[in-house]
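Listed here are the chains, written in short residue letters.
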Amino acid sequence: NSLGIDWFVLSDGDSAGNTYKESAVRLLNGKNENAHIVQLPSDNMELYLCLNGFGEIYEGYISDQKRSTITAKHGSEDYWRQVLGAQAGKPGKPTKALDVIHKLEENKSVEIPNIFNDVIGRVVDIVRAIQ
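Quick caveat, the model's predicted, so the values are computed rather than measured.

J.: Run through the packing of helix H3 (residues 45-59) against helix H6 (residues 114-130), naming residues and quoting values.
T.: For the pair H3 and H6, the least separation of the axes is 10 Å and the interaxial angle reads 120 degrees. Classed by the angle they form, the pair H3 and H6 counts as oblique. Where H3 abuts H6, its residues Met45, Tyr48 and Leu49 lie against Asn114, Ile115 and Phe116.

J.: Talk me through the environment of Pro113; I want residue IDs and the actual numbers.
T.: As for its position among the elements, Pro113 is in the loop between helix H5 (93-106) and H6. In sequence terms Pro113 and Lys66 are 47 residues apart; their C-alpha atoms lie 29 Å from each other. Those residues in contact with Pro113 that sit more than four places away from it in its chain are Tyr48, Asn52 and Phe54.

J.: Describe the packing of aromatic side chains, listing the residues and the values that go with them.
T.: By the definition in use, this model includes two aromatic pairs. With 5.6 Å between their ring centres and 90 degrees between their planes, Tyr48 and Phe116 make a pair best called edge-to-face. Of this pair, Tyr48 sits in helix H3 while Phe116 sits in helix H6, and the two are 68 residues apart along the sequence. Each member of the pair Tyr48 and Phe116 is classed as buried. Relative to Trp80, the ring of Tyr79 has its centre 4.8 Å away and its plane inclined at 75 degrees; by these criteria the two rings are edge-to-face. With respect to class, Tyr79 is no different from Trp80; both count as buried.

J.: Kindly report on the packing of H3 against H5, identifying the contributing residues and their values.
T.: With their axes 10 Å apart at the nearest point, H3 and H5 run at an angle of 75 degrees to one another. Classed by the angle they form, the pair H3 and H5 counts as roughly perpendicular. Facing H3, whose interface residues are Glu46, Leu49, Gly53, Phe54, Glu56, Ile57 and Tyr58, H5 presents Lys93, Lys96, Asp99, Val100, Lys103 and Leu104.

J.: Please give an account of the nonpolar core that cites residues and values.
T.: In this structure, Tyr58 and Val83 are the most contacted members of the largest nonpolar core, which totals 23 residues. Within the residue set of this core, elements represented by two or more residues are H3, helix H4 (77-85) and H6. By residue number, the principal contributor to this core is H3, which donates seven residues. Each residue touching Tyr58, except ones within four places of it in the same chain, is listed here: Glu46, Leu49, Cys50, Val83, Leu84, Gln87, Lys96 and Val100.

J.: Outline a nonpolar patch on the surface, listing residues and values.
T.: There is a patch of nonpolar side chains on the surface, built from Val123, Val127 and Ile130 and spanning about 230 Å² of accessible area. Inspection of the secondary structure assignment puts Val123 in helix H6. Assessed through its relative accessible area of 33%, Val123 is described here as partly exposed.

Calculation notes
Residues numbered from 1 in each chain as written. Predicted model: local features only at pLDDT ≥ 70, side-chain atom pairs only at ≥ 80, totals over all residues. Heavy atoms only, no water. Axes fitted to C-alpha atoms, helices over the stretch in contact; angles between N-to-C directions. Helix = DSSP H or I, 4+ residues; strand = E, 2+ residues; numbered from the N terminus. Parallel < 35°, antiparallel > 145°, perpendicular 65-115°, else oblique. Contact = heavy atoms within 4.5 Å. Phe/Tyr/Trp six-rings, centres within 6.5 Å; stacked < 30°, edge-to-face > 60°. Buried < 20%, exposed > 50% of the residue type's maximum accessible area, 1.4 Å probe, protein only. Core = buried A, V, L, I, M, F, W, Y, C linked by side-chain atoms within 4.5 Å. Patch = residues over 30% accessible without salt bridge, like charges linked within 9 Å, V, L, I, M, F, W, Y side chains within 5 Å. Areas by Shrake-Rupley, 256 points an atom, 1.4 Å probe, with all protein chains shown as cover. Salt bridge = Lys/Arg side-chain N within 4 Å of Asp/Glu carboxyl O.

In structure tokens:
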């Protein structure tokens, strides 16, 4: 704010995400919270992506040593939590996020989760307001 740069926060839905959101709310300085802050309905971005059609990407990174730890019903929230818990150490989160983007680029019939469309729309609104 002090530099005149508008901002937007997308936080995870876990306790750390709550802390980030609360910090951002304190920095609004009269700005509309709904225009600047969105919190995921899931604990984290990876879980949200798994629950919204991108789980096979994360299934592809399951560690062979941890595969047997996945016991929940396929597709359930517990299943995706277990898949995320069984991830191999490498590659990291950015690589997997790029895999999601590549899937969207390669397959135009794959839907972008609604929250991302909403976030993109809000950010565009912020940019338009400063032009």
